Amino acid sequence: GTPFEPAGKIVLDLEKLYDQTHEELAYVAKYARAIQQQRGDYNGRVLSIRADDLRALAIVYDQSPSGLVERLTEHGVLVSDPRALFNS
Ligand code: C2E
Ligand code: C2E
Ligand code: C2E
């Protein structure tokens, strides 16, 4: 498929997401904070999210899930290889 097909795991870079002031990312940031709260997962630099939640978010943005992934990639808030973050 296309490079943006959300077949793999969706992993958000929380540092970049929460530093972003771009209006378009407001709902994604809000959603990520809610998921952190539900999981009690507050100390991570990254957050893996459910494919189901990506689908729900895509509806809010009036996009396809792969379209939203593409937008998130353009904003630089997705991590393709979370393990690479810890080797730098
Ligand atoms: P739940 O859906 O009943 O899941 C209970 C526990 O099963 C979760 O506790 C987690 O340890 C595990 N679990 C469920 N699905 C997955 C999964 O896809 N991957 C992994 N690694 N573990 C999974 P946790 O994390 O403390 O979450 C507690 C509750 O918070 C969940 O209960 C769910 O109701 C909600 N929640 C947490 N994260 C999310 C999320 O990303 N999206 C949604 N919609 N709800 C979430
Ligand atoms: P991975 O999925 O590639 O994640 C690499 C590292 O990114 C994780 O190292 C963790 O530090 C971070 N990370 C990824 N998603 C999240 C997240 O939602 N919250 C937080 N706080 N950190 C996240 P870690 O924990 O040492 O895990 C290493 C590998 O072990 C993971 O690689 C994954 O393959 C596996 N793993 C760990 N926890 C789970 C789990 O709950 N479910 C499954 N299926 N695999 C897990
Ligand atoms: P993962 O832990 O590697 O899980 C990969 C896929 O296995 C999940 O994709 C889901 O389809 C299935 N799965 C794993 N554990 C469970 C479970 O307890 N119940 C059910 N019904 N399915 C399960 P999905 O949903 O797209 O999630 C992607 C990643 O998001 C997960 O990778 C995990 O890193 C994170 N995640 C999702 N939900 C939760 C959660 O409730 N708590 C935590 N801590 N992490 C979650």
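Before reading further, recall that the structure is shown in the block above.
Residues numbered from 1 in each chain as written. Chains lettered and ligands numbered in written order. Predicted model: local features only at pLDDT ≥ 70, side-chain atom pairs only at ≥ 80, totals over all residues. Heavy atoms only, no water.

**A word on the pattern of salt bridges**
Close approach of charged atoms allows side chains of opposite charge to pair. Rules: Should a side-chain nitrogen of Lys or Arg be within 4 Å of a carboxyl oxygen of Asp or Glu, the pair is scored as a salt bridge. By the criteria applied, helices consist of DSSP H or I runs no shorter than four residues and strands consist of E runs no shorter than two, each listed in order from the N terminus. Accessibility here uses a 1.4 Å probe with only protein chains present; expressed as a share of the type maximum, an area under 20% marks a residue as buried, one over 50% as exposed, and anything in between as partly exposed.
According to the stated counting rule, one finds seven salt bridges in the structure shown. Put simply, lysine 16 and aspartate 13 hold a salt bridge, and the shortest N to O gap is 3.9 Å. In this structure, arginine 71 and glutamate 74 form a salt bridge, with 2.1 Å as the shortest nitrogen-oxygen distance. Of the two residues, arginine 71 and glutamate 74 both sit in helix H4 (residues 65-74), three residues apart, roughly one turn of that helix. Since its relative accessible area comes to 27%, arginine 71 is described here as partly exposed.

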